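Given next are the chains, with one letter for each unit.
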Amino acid sequence: MTVSFAELQQRSDQVFTESCPTRVVLDHVMSKWGVLVLLALTDGTARWGELRRAVAGISEKMLASTLRTLEADGIVRRTAYPEVPPRVEYALTPLGDDLMERMMPLMQWIAENADGIVERRARPLA
C-alpha cells in the first residue's frame, strides 16, 4: 500500500524535516555509492574485491566509508575471519534485506526508464 507524503507527515510532523533522523538514513541509503553497494549485496555475501569490481568507479576510500556507514546503521554486516591472509565478507542484515526488498522495485523502474529519461534531457527544448 502506497502512503502519501502528507500521510507520513500526519504520523509525525518532523518526518523528513531538516533535523529528523529520516534525513540521515535517506542520505546513507540513497547516496550514489550507498545504493550501488546495497545493490551489489543483494546478490549475496561479497568480499572487498568483489564489491570493488561490482561497483565500478568507486574508490577504495569511498567504498570503505560507505561500508562503515551502512554497517553502523545496521544495514550491512561485516564478518572478519581470523585467517592469513585476512578474509572479510560483507552481507545485508535482515534490516538490509527488508530495505532492498522495498528498494528493488525502484531500481527496476530506474533500469527500465533511464535510457529514455537521459535521451529526453539530451534533446533541445522546443
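Keep in mind that this is a model prediction, so the values were computed, not measured. One numbering rule holds for all chains: residues counted from 1, following each sequence as written. Only residues with pLDDT of 70 or above have their local features reported here, since the model is predicted, and side-chain atom pairs are shown and tallied only from 80 upward, although totals for entire chains, interfaces and linings are computed over all residues. Based on all heavy atoms of the structure, the side-chain values leave hydrogens and waters out of the count.

Chemist: How should the pattern of salt bridges be read in this particular structure?
Modeler: Any two side chains of opposite charge can pair, so long as their charged atoms come close to each other. One side-chain nitrogen of Lys or Arg within 4 Å of one carboxyl oxygen of Asp or Glu is enough to make a salt bridge. Enumeration over the complete set of coordinates arrives at four salt bridges. Ionic pairing is found between Arg52 and Glu60, a salt bridge with its closest N-O pair at 3.3 Å. Note on classification: 1.4 Å probe, protein chains only; a residue is buried when its accessible area is under 20% of the maximum for its type, exposed when over 50%, partly exposed between these limits. A relative accessible area of 31% means that Arg52 is categorised as partly exposed. For Arg102, the salt bridge is made with Asp98, and the minimal N-O distance between the two is 3.2 Å. On the criterion of helical spacing, the pair formed by Arg102 and Asp98 is a turn pair, its members being four residues apart in helix H6 (residues 94-122). Using a relative accessible area of 33% as the deciding quantity, one classes Asp98 as partly exposed. The network of salt bridges with shared partners includes Glu83, Arg87 and Glu89. Runs of E in the DSSP output that reach at least two residues are strands. Runs of H or I that reach at least four are helices, and both are numbered from the N terminus.

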